Each structure stands twice: as structure tokens, then as C-alpha cells.
Protein chains: 2
Amino acid sequence: MIKSAQHLDTFIQNAFIAAGANKQHAAMAAEALVAADLRGVDSHGIARLGGYIRLWQQARLNMRPNIRVEHETPSTALVNGDLGAGLIVAQKAMDIAIDKANNVGTGWVGVKNSNHFGIAGYHAMKALKHDMIGICMTNTSALVAPTFSSERLLGTNPIAVAIPADKEPPFVMDMATTPAANGKLEVCERQNKDIPEGWAQTKNGDPTTDNRALKNGGAMLPLGSDREHGSHKGYCLGAWVDIFSAVLSGANYGPWVPPFVSFLTPPPNPVGDGIGHFIGAMRIDAFRPANEFKTHMDNWIKTFRQSQHIKAQPTVQIPGDQERIIENERLANGISIHPTIVNELNELSRILHIQQL
Amino acid sequence: MIKSAQHLDTFIQNAFIAAGANKQHAAMAAEALVAADLRGVDSHGIARLGGYIRLWQQARLNMRPNIRVEHETPSTALVNGDLGAGLIVAQKAMDIAIDKANNVGTGWVGVKNSNHFGIAGYHAMKALKHDMIGICMTNTSALVAPTFSSERLLGTNPIAVAIPADKEPPFVMDMATTPAANGKLEVCERQNKDIPEGWAQTKNGDPTTDNRALKNGGAMLPLGSDREHGSHKGYCLGAWVDIFSAVLSGANYGPWVPPFVSFLTPPPNPVGDGIGHFIGAMRIDAFRPANEFKTHMDNWIKTFRQSQHIKAQPTVQIPGDQERIIENERLANGISIHPTIVNELNELSRILHIQQL
């Protein structure tokens, strides 16, 4: 089924409102989810709507959160998300970061007691229109084993950085700190294909090409895949994100991060509140004039994009290129929703008494 | 030859003073270089001293820099390193970041017109004793090809993050954004061994195990090694460091970064001044009470260190463990200097009229 972004947006808003969210929060949540669908990150868009609703049904997500600053300095804040959807909480946190950057050059917000926030890139990009750089990290429930470990201790913990340019589109990196996203293992499983070595390990820590490695008790590997290729660096990155998102804010970290899916119960003896994010905004002109910076960013982008590409390989891309190409195509032609998701959403519409997709 | 850290420190100070540096700068440079030797990063320690002196002889490094703030906000500064040694410039920048963090919670300093700063971890760790998190990045001359490119456009661009704990030693990550450091290729060359696939490519962009790949016009690969294993993420990381270090500060970026070695001439038509760094400090208690945070860091560290390790693999390490173990051993037993380096340093002592090593 192909639907316009606007159509999906309305469906999501109706669902959040039916679950008790106010209009402003519903609109924020819808925009963040549809941004994922538009940018081609189908796993983080409307396909996740049911997940938020099920968490709410279990009282593990608050549809009327009182998102509040618990502590602050001129350049920092600690935000309590009150167990709201991260989709909304992270936007409030970025607004605070932007305010602080306007006042003192940069703003940095630690967030606790939050939940899954969709795609990190969406939140980072909010800074762009203010001539600011946006930064966004979040921890997620543990699927990744540190180098040499057979235990899952880290999430796929993404980092996003959005940097404005002048005539060129912005630089937008948004990357999990693993070789491949979890969803790619599931794609291989549906297609009955082995996964490449270097994505996952068995529950004993042996290399594997089993597309059901995670379901069989194994773990994903950090970016770098093995020690010889720098997996200890991917482990560093995932650990960094975990500590900034959760130890700094007072959220759950490492193996204590509560899962997004409602059929898994949160780990016992939590060490903090909900999951955590770390969100920042830096005013370009706190360092150098914004027009100078953006002219050099255009030059940076053109230099990299026009560099000699390897024969038989695609041209060199700038972080964000691929997602923007997909977004333009989907804005023009609509977003294709998988039949399984359509069925799930229509079941949801019956439960919530809202219009079908 | 085995020498104490103090002995190396004195030798380096004498060399810098003989080249015209003042005592304070000489002491700062010596401490930063010896920190690398102590922590086991031999390639970035006293072995590099000759490199700094040769750049000074070519007037590409200023031994009497007027390191100055050119622009600032309460939480940011733009520092002009006046072509001083990065060893010194980066320390001044971190001092400024720490001051700003004391005042407004965080401090962020863009640095231009600098030079090689030694190991990133040394600078990041300066924040620890203030109960702050230290962050340090630098760009370096281009050796790495972006995903799909056959051109060298990025340096090995390291990221360091130092995070204090309570009873446990601090978390200190300090990583190049490549699978292996350049020095590891040279080790393989000396031992006449192939390098693993996934470290480098030929000048046409083909996979290679040639330990002379770089010398034959090839390039290093970003962390992740190939597209299937996430090299585009390593490319994102290297690009992020390049832009934060140099486009934000007004230094040279991408292929324009001047080389450290004196026998290579800087690229023509520079787009900025010298090389760039990005340095930050965040006060822990700008987010939550420092004692709470540090207690949770202890728990984080113990949880990861004690996790089940894979049979026949070492125990799980915390970023910084390995360097600290080496440092303790070398503080007790001295630092072994390779005969080639001893000869080079003694040649240097004749030129500079200082005492032999």
C-alpha cells in the first residue's frame, strides 16, 4: 500500500491522541516517525507505532508526560522525560539545547526517563535551520557484545551529527555503532540468506553466519567486527554513547536498558530511569562567522563528492545524501507500507477507534 | 636503551629550549610527548621529537607562538595556535575549555593554525582532575580513502574521550577512526609480513595485503573496512572529526591538511591555517552530582570488566586499561628506546648543542 507522508502523519496523530496524548505531542511524535519513513529508515517509522501503543497499554510509556528540567547551568540541562515517548522528549531536549546555544554558544542536554526516540538524525537536524550543528546520541537495549565478551552489554547506540552548508545540502551522519543494523539480520532471515561474517557471534562468542544468531542467544559485534579490524574501537564508540546518554543523565545503562518491545520485560534492579539521550547544539558563529563556515562546508562537500571513485563502485557520497534522495522520491511518489504493517496498523485502528490507514 | 620518563622529559625540554621555546612551553611539550611513551604509544612520543625540530628548521613550526583567543562566547572559543607545536597549543585550548566549563557548565574550543599534538588521550585526560569529562579530536594529513573513493582525503583523525570514575580508574578512549594505525603497516613491513585484508587498498581501490600499500600510492580504509562491514560509518567518523577540527576553526581540512613530516611539502592553495583540533570539557555536576555519577561509572566499569569473556580470549577491558598497565610498568622499569631512535636523538643533541640522551 502506498500512502502520502501526510496520510501517515494523520494516522499517527490520531493514534497518539486516542491514547491520551495532547495535540502538540501527537504532532511531534507523528513528524518524527514519518521523518524515518521518508528518509528510508522503514524500521523506525510508522512500523514502530504499534510498539509505542503496546508500551503505553502496559503502563511502560506515559502519554501525558510532564517533561521537565531538573537541573541546569547556562550551557547544560538535565531533562526528566517522565517516561514519555522519546520521539517527543528528544525534541523538547533539542529545543532546550538550541535556546542555550543561542544564549551562551552551545547547549547540551542529558535526558533520562525517556524511551525510543526514532531516528537520531531527525533530532540532530532540528539545529540546522538555526545555523547550528546538531548532535544526538541515545542508548538502546543491549544486543552488542564488547570485544572479547560473550555477553550482550551495549545497544546499537547511534550517533547523529548534522552540519549545515550553504548551497550544498547539509552533512547528516546518523549511524549505529555496529557494522549493520539489527533489521538487516531479519532481512537475511526472511530471504533465507546467511549473514556476512563480522556482523554477529554465537552465544559462545564464535564467529557465525547464522541469520538467527541473535535469536539463538548470540550477540551483534561492534563496528570493526573483530579485534584485528578495530572492533575495540566500535566498542569504545558504543560505550561512549551509553555513558553520555545514561550515566551522565541518570538513566539505565549497559544491560539494564529496558527493551522497546512490550513482550520483553525490563531487566530487574534498574540502575536509573528509562533510557537516556544526549543532545547538543552548537552555534556556528560561536566559533567563526556562519557564512564563512558554510562556504567552506560547500567546498568540503564538493571535494569529497567529486573525488575519484573506484571503478565499478558508485560515486562517493556525503553523509545524508542517500536519505535525502529517498526522501525526495517518497515526497513525490508516496511511501510504500509492507502488507504486514498495514494489517498491524489497521488492527491498531480498531483497538483505538480511529480511522483505518 | 632504557631511560626513565624523567630522563626523556629533560632531554625533550632541553631540545625545545635550544630551539627557542620558553621554559613553560618546553615543559608542556615534554610532558605531552613522554605521556605517549609512558602509555605505550611509542610512535607519538620522543620518537617524534626530531619531526618537530625539523619542521621548526623549515619555519613550518613556531617555537615562540602567541597562542591567542580570536573569538569567544561564554561556552566557546576560537584559538589561533600561531603555528606552535600542537603539544602546547592543545593544552592551552583545554585550559580554556576547563575555565569555560567552570563558568557555564561546558567549554568547547576550536583550534586553527596548530600542528601535531601527540596523543589525543593526553589532552582529554587533563579534564579528569576537575571532575570533568574531556573530549579531544584532531585532523591529520590525508591517508584514508572515503568509502568508494580511490583518493586519500581524510587523516586517521582520532577521537579521545576521558570520563572520571570514583574508585575505578577513568574510562579513556583514544582511537583513530581507521581499523589500524599507520604505524602497524610499517611494523608488518619491517617483519616482512602481509597486512590483513581490510586495512588498506591499492591506488586503484582494490583490496590488498601489501604492507607497502600506502607507499605504492594506495590508501588506508576507514573503520569498518568495507561497505558491508560499515566502512561508510568509519568514513562518517573521520569526516566528523575533520569538520569539527578544521572547518569550524578555519584550519586546513581534507586533502589540504599539511603533513607532519618535513620531507613532504604542504599541499598548495591552503584553505585555512595549519591543522585543527576540537577540544571540549564538560563539568559532571552540570548534569548530575559528581559523586552519584562516579559511583555509577564504577558500576559501569565493573559490570563490563567482569562480563563473561570468550573462551581462549583475554578478559574484557575498559578503554584505557591497556595504556594504564603499560604506564605503571614503564614508570617502574623505565622506557625502552629503539636504537634507531637513540641514534637520531643523539644526532639531534649535536645539532642543538644539548646533552646526549
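Residues numbered from 1 in each chain as written. Chains lettered and ligands numbered in written order. Predicted model: local features only at pLDDT ≥ 70, side-chain atom pairs only at ≥ 80, totals over all residues. Heavy atoms only, no water.

Applied cut-off: UniProt positions are given in the numbering used here, feature names are shortened, and annotations may be inferred rather than shown by experiment.
The name given to chain A in an unreviewed UniProt entry is Ldh family oxidoreductase, with the source organism recorded as Carboxylicivirga marina. Its UniProt record, at the heading Sequence similarities (unreviewed entry), says of chain A: "Belongs to the LDH2/MDH2 oxidoreductase family."

**Things to note about the overall build of chain A**
The line we're drawing: In this text, helices come from DSSP runs of H or I with a minimum length of four residues, and strands from runs of E with a minimum of two, each type numbered from the N-terminal end. The quantity called the radius of gyration is restricted to C-alpha atoms. Its globule counterpart is 2.2 Å times the number of residues to the power 0.38. Whether a residue is buried, partly exposed or exposed follows from its accessible area with a 1.4 Å probe, protein chains only, as a fraction of its type maximum: under 20%, in between, or over 50%, in that order. A contact between two residues is defined here by any heavy atoms of the two lying within 4.5 Å. For the accessible areas, the method is Shrake-Rupley and the probe is 1.4 Å, while residue cover comes only from the protein chains on display. Counted as positive: Lys and Arg. Counted as negative: Asp and Glu. His and the chain ends are not counted at all. A charged residue contributes its charge at one atom only: NZ of Lys, CZ of Arg, CG of Asp or CD of Glu.
Helix and strand counts for chain A stand at 10 helices and 11 strands. The C-alpha atoms of chain A give a radius of gyration of 20 Å, which matches the 21 Å a tight globule of 357 residues would have. In terms of principal-axis extent, the alpha carbons of chain A reach across some 50 × 50 × 45 Å. Counting the 357 residues in chain A, one finds 62% classified as buried. Considering only contacts in chain A between residues 6 or more positions apart, those separated by 24 or more positions represent 64%. With the model as given, the accessible surface of chain A reaches about 13,400 Å², and the carbon-plus-sulfur share is 49%. Of the charged side chains in chain A, 32 are positive and 33 negative, and the gap between their average positions amounts to 2 Å.

**Some points on the packing of aromatic side chains**
Note the following rule: For Phe, Tyr and Trp, where Trp contributes only its six-membered ring, two rings pair if their centres lie within 6.5 Å, and the inter-plane angle classes them as stacked under 30 degrees, edge-to-face over 60, or tilted in between.
Inspection of every chain in the model, using the stated rule, returns 22 aromatic pairs over all chains. Summarising the aromatic geometry, the rings of Trp240(A) and Trp240(B) are spaced 5.9 Å apart at their centres and angled 5° between planes, so their arrangement reads as stacked. Of the two residues, Trp240(A) is situated in helix α7 (residues 231–247) and Trp240(B) in helix α7 (residues 231–247); the pairing between them involves two chains. As far as the burial class goes, Trp240(A) and Trp240(B) line up, both buried. In this structure an aromatic cluster arises from ring pairing among Trp108(A), Trp240(A), Phe244(A), Phe278(A), Phe287(A), Trp108(B), Trp240(B), Phe244(B), Phe278(B) and Phe287(B).

**A short note on the nonpolar core**
Worth spelling out the cut-off: In this text, buried Ala, Val, Leu, Ile, Met, Phe, Trp, Tyr and Cys residues form a nonpolar core when linked through side-chain atoms within 4.5 Å.
Judged by nonpolar contacts, the single largest core of 108 residues is most densely connected at Ile133(A), Phe244(A), Trp300(A), Ile133(B), Phe244(B) and Trp300(B). Excluding residues that lie within four positions of it along the chain, Phe244(A) makes contacts with Met137(A), His277(A), Phe278(A), Ile133(B), Ile135(B), Val161(B), Ile163(B) and Met282(B).

**Comments concerning a nonpolar patch on the surface**
Convention followed: A patch consists of residues whose relative accessible area exceeds 30% and which take part in no salt bridge; residues with like charges are grouped when within 9 Å of each other, and nonpolar side chains (Val, Leu, Ile, Met, Phe, Trp, Tyr) when within 5 Å. A pair is scored as a salt bridge if a Lys or Arg side-chain nitrogen falls within 4 Å of a carboxyl oxygen belonging to Asp or Glu.
A cluster of nonpolar residues, Val261(A), Phe263(A) and Leu264(A), forms a patch on the protein surface that exposes about 300 Å² of accessible area. The topology assignment puts Leu264(A) in the loop between α7 and β10 (275–283).

**Some details on the sheet that holds strand β2 (residues 68–73) of chain B**
The pairing of strands in a sheet happens through backbone hydrogen bonds and is either parallel or antiparallel. Residues and elements named next belong to chain B. Keep this limit in mind: DSSP-based pairing: two strands are paired if at least 2 bridges between them are found. Note on definitions: angles span 0 to 180 degrees between N-to-C directions of axes, and those axes are lines fitted to C-alpha atoms, for helices only across the stretch in contact.
The sheet built from seven strands is open, its strands ordered β2-β3-β4-β10-β5-β6-β7 with mixed pairing. Edge positions in the sheet fall to β2 and β7 (171–175), since each has one partner strand and no second. Pairs of neighbouring strands in the sheet enclose a mean axial angle of 10°, with direction left out of account. Bridging between strand β6 (residues 159–163) and β7 involves five bridges; their strand directions are antiparallel. Across the sheet, the residue bridging to Ala160 is Asp174, located in β7. Packing against the sheet, α7 makes contact with β4 (106–114), β5 (132–138), β6 and β10 (275–283), and its axis sits at approximately 95° to β5.

**As for the interface of chain B and chain A**
For the record, the criterion: The term buried area means the drop in 1.4 Å probe accessible area that two parts suffer when joined, counted for both and summed. We define a polar contact as two N or O atoms separated by no more than 3.5 Å, with the added condition that, inside protein, one atom must be a possible hydrogen donor and the other a possible acceptor, whereas residues neighbouring each other in sequence contribute only through side-chain atom pairs. Think of it as three bins: nonpolar holds Ala, Val, Leu, Ile, Met, Phe, Trp, Tyr, Cys and Pro, charged holds Asp, Glu, Lys and Arg, and polar takes everything else, Gly as well.
In this assembly, 93 residues from chain B lie in contact with 93 residues from chain A. Of all residues in chain B, Phe148(B), Leu248(B) and Phe287(B) bury the most surface against chain A, accounting for 11% of the area lost on that side. Inspection of the region where chain B meets chain A yields zero salt bridges. Connecting chain B to chain A are 38 residue pairs in polar contact (both at pLDDT 80 or more). The biggest single contributor to the side of chain B that touches chain A is α7(B), with 12 residues. Grouping the amino acids of the side of chain B that touches chain A by side-chain chemistry returns 52 nonpolar, 32 polar and nine charged.

**What about the sheet that holds β10(A)?**
Pairing in this open sheet of seven strands is mixed, and the strands run β2-β3-β4-β10-β5-β6-β7 (chain A) from one edge to the other. The open sheet has two edge strands, β2 (68–73) and β7 (171–175) of chain A, and neither has a second partner. On average, adjacent strands in this sheet sit at an angle of 10° to one another, irrespective of strand direction. When strand β5 (residues 132–138) of chain A meets β10(A), the two strands line up antiparallel, connected through seven bridges. For Gly134(A), the partnering residue across the bridge sits in β10(A) and is Ala281(A). On top of the sheet, α7(B) reaches β5, β6 (159–163), β7 and β10 of chain A; it is set at about 135° to β7(A), its chief contact.

**Some points on the environment of Pro314(B)**
Tracing the backbone through its elements, the reader meets Pro314(B) in the loop between α8 (290–305) and α9 (321–333). Beyond its immediate chain neighbours, meaning those up to four positions away, Pro314(B) contacts Phe148(A) and His309(B).

**Some words on the relation of the copies chain B and chain A**
Filter applied, for reference: A least-squares fit on C-alpha atoms brings the copies together, and the residues used are those whose pLDDT is at least 70 in both copies.
Laying chain B over chain A is done by rotating through 180° and shifting 0.0 Å along the axis; what remains is an RMSD of 0.0 Å. Within this description, the copies of the chain are treated as partners about a two-fold rotation axis. Every residue of chain B has its C-alpha some distance from the rotation axis, and the shortest such distance is that of Gly224(B), at 2.3 Å. When you check the interface residues of chain B against chain A, 100% turn up at the interface there too, and the contact is symmetric in its surfaces.

**Let's talk about helix α3 (residues 49–57) of chain A**
Residues and elements named next belong to chain A. Restricting attention to buried positions, one finds in α3 the residues Leu49, Gly50, Gly51, Tyr52, Ile53 and Leu55. Against α1 (5–18), α2 (23–38), α4 (86–104) and α10 (339–352) lie the buried residues of α3. Following α3 by one or two positions, Ala59 adopts a phi angle in the positive range, close to 60°.

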